[in-house]
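Inside the fold
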Amino acid sequence: MQRLTGVERWRRLADEQRAAGRRIGLVPTMGALHRGHESLVAAARANGDYVLLTIFVNPRQFDRPDDLRAYPRTPEHDRALAADMGVDALVEPALDEMWPAYPDATATTVSVRGVSDALEGAGRPGHFDGVASVVAKLAVITGPCRAYFGEKDFQQLAVVRRLLFDLGFDVTVVGCPIVRDSDGLAISSRNVRLDPSARTRALSLHEALDRAASIEGPAESMRSVMRDVLAAASVEMAYAEVVDPLTLERTGDDETGPRRALVAGVVDGVRLIDNREVYVRGRA
Ligand code: PAF
C-alpha cells in the first residue's frame, strides 16, 4: 500500500494509474475505519478498481467545535486496517493543503439546495455545505473515478449524487448497502459509546424501519408506526420520515411507489441514524 499526504503527489498518482489503464475507486473517509468502510473497499475491489482511500477529518462539516474535538482519531489502527483491506493508496492530506485559510472561512463553498435542507441538515446547520465542499475538492484532485459512499448516510449520498451531477464531474457514484451487526444495528463508530441496555434500545431504530416496511399503506401510516416504536423504546426522536430517494422530498399520502424511510434519534446521549427502502401505497 502506498501512503501519501501531498495533494500534488495524489493528483499525479491518480493520473498515472489512469494512464496505465486502471480505474480509480475513491473511498472518502474521516478515519476511525470499521466494517462499513471495509464494505466500500470490498465493493471497489470487486469492480477491479485501483482503491484510493482518503482519511481527512474535515472541520468544515462540524457545526460544533466540541463535536470536532471529540471525533475519534485512530491513525495507526486505520493504516494497518487499510493495508489489510487491500487499499492500494492511502491518502492523508494535511489541513493546510485542503483548507489553507482554516480556521478562517474558506471563500468558496459548495451548497446543494433542497436535498441538504431537511432531516440531518435541519439540525446541523452548514453540515452538508462542508460535506459537499470537501467531496468536490476530493473529486477535483482525484479526477475521473468511481466514488464509493455508504447508504447508512443516505442524505449525504443524495447530496453527493446531486453535487457531482449538477457540476458535471466525471465521477460515478456507487452507493453501498448498510452493514449491520448480527442483531441488526447499523455499524457506526458511535456504537461503542452504547452500553448493553442503550444498545438494546438503539435496536428500535431498525425495528421501526422494518415495521414501516411491513405496512401496506400510505407514508403517514409508516411515520406513525415508526414514531410509536421509537417512543416505546424511550428514544429521543429527531425524525421519522418517508421521502423520495433522490430528491428527499416528503412523500404525500396519495403517492405510491418505492421510497426511503429514515429515522434519527438519541439514545443515552448518542445520536443514531438508520434507513431502509419501503414501498408506499397511497390512499386511492
Ligand atoms: O462520510 C464521511 O466520512 C464524510 O462525510 C466524508 C464523505 C468523507 C466527507 O468528509
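That block above? That's the structure.
Quick caveat, the model's predicted, so the values are computed rather than measured. (Residues numbered from 1 in each chain as written. Predicted model: local features only at pLDDT ≥ 70, side-chain atom pairs only at ≥ 80, totals over all residues. Heavy atoms only, no water.)

A word on the pattern of salt bridges. Opposite charge on two side chains lets them pair, provided their charged atoms get close. Enumeration over the complete set of coordinates arrives at 25 salt bridges. With a shortest N-O distance of 3.7 Å, Arg3 and Glu92 are connected by a salt bridge. Placement of the pair is Arg3 in strand E1 (residues 2-4) and Glu92 in the loop between strand E4 (89-91) and helix H5 (95-98), with a sequence separation of 89 residues. As a salt-bridge pair, Asp49 and Arg146 come within 2.6 Å of each other at their nearest N and O atoms. Pair noted here: Asp49 is in the loop between helix H2 (35-46) and strand E3 (50-55) and Arg146 is in strand E5 (residues 145-150), with a separation of 97 residues, a long-range link. Using a relative accessible area of 6% as the deciding quantity, one classes Asp49 as buried. Given the relative accessible area of 21%, Arg146 is considered partly exposed. (Salt bridge = Lys/Arg side-chain N within 4 Å of Asp/Glu carboxyl O. Helix = DSSP H or I, 4+ residues; strand = E, 2+ residues; numbered from the N terminus. Buried < 20%, exposed > 50% of the residue type's maximum accessible area, 1.4 Å probe, protein only.)

A few words on the site of the ligand. With respect to spatial proximity, the complete set of residues near the ligand consists of Pro28, Thr29, Met30, Gln61, Val134, Phe149 and Gln156. The contact in question runs from an oxygen atom of the ligand to an N or O atom on the side chain of Gln61, over 2.6 Å. Here an oxygen atom of the ligand sits 2.6 Å away from a polar atom, N or O, in the side chain of Gln156. In isolation the ligand exposes 290 Å². Once the protein is present, 89% of that is buried. Split into classes, the residues belonging to the shell around the ligand amount to 4 nonpolar, 3 polar and no charged. (Near = heavy atom within 4 Å. Polar contact = N/O pair within 3.5 Å; in protein donor to acceptor, adjacent residues only side chain to side chain. Areas by Shrake-Rupley, 256 points an atom, 1.4 Å probe, with all protein chains shown as cover. Nonpolar A, V, L, I, M, F, W, Y, C, P; charged D, E, K, R; others polar.)

Turning next to the packing of helix H9 (residues 196-213) against helix H10 (residues 219-232). Two elements in contact, H9 and H10, have axes separated by 8 Å at closest approach and are oriented at 155 degrees. Relative to H10, H9 is oriented roughly antiparallel. Judged by the twist between their axes, the crossing of H9 over H10 is right-handed. Packed against H9, whose contacting residues are Ser204, Leu205, Glu207, Ala208, Leu209, Arg211 and Ala212, the element H10 presents Met222, Val225, Met226, Val229 and Leu230 at the interface. (Axes fitted to C-alpha atoms, helices over the stretch in contact; angles between N-to-C directions. Parallel < 35°, antiparallel > 145°, perpendicular 65-115°, else oblique. Left-handed = near helix turned anticlockwise from the far one by under 90°. Contact = heavy atoms within 4.5 Å.)

Our focus in this paragraph is the packing of helix H1 (residues 7-19) against helix H7 (residues 127-142). Relative to each other, H1 and H7 sit at 55 degrees, their axes nearing to 8 Å. Taken as axis vectors, H1 and H7 run oblique relative to one another. Residue-level contacts link Val7, Trp10, Arg11, Ala14 and Arg18 of H1 to Leu138, Val140, Ile141 and Thr142 of H7. Here the contact of H1 with H7 is built from residues that sort into 6 nonpolar, 1 polar and 2 charged.

The biggest cluster of nonpolar side chains holds 45 residues, and the ones touching the most others in it are Trp10, Leu52, Met98 and Leu163. Among the elements that make up this core, the one with the highest residue count is H7 (9 residues). Those residues in contact with Trp10, other than ones at most four positions away along the chain, are Leu4, Leu52, Thr54, Val91, Pro93, Met98, Leu138, Ile141 and Thr142. (Core = buried A, V, L, I, M, F, W, Y, C linked by side-chain atoms within 4.5 Å.)

A few words now on the environment of Gly282. Among the structural elements, Gly282 can be located in the segment after strand E9 (270-280). A relative accessible area of 22% places Gly282 in the partly exposed class. The residues contacting Gly282, other than those within four sequence positions of it, are Pro218, Asp253, Asp254, Glu255 and Thr256.

Cis geometry marks the peptide bond from Tyr102 to Pro103; its omega dihedral reads 10 degrees. With respect to the element layout, Pro103 can be found in the loop between H5 and helix H6 (120-123). One non-glycine residue with positive phi stands out, namely Ala32, at about 50 degrees. Overall, the relative accessible area of 10% leaves Ala32 in the buried class. Although it is not a glycine, Asp268 sits at a positive phi angle of roughly 45 degrees. As for its position among the elements, Asp268 is in the loop between strand E8 (257-267) and E9. In this structure Asp268 comes out as partly exposed when scored by relative accessible area, which is 49%.

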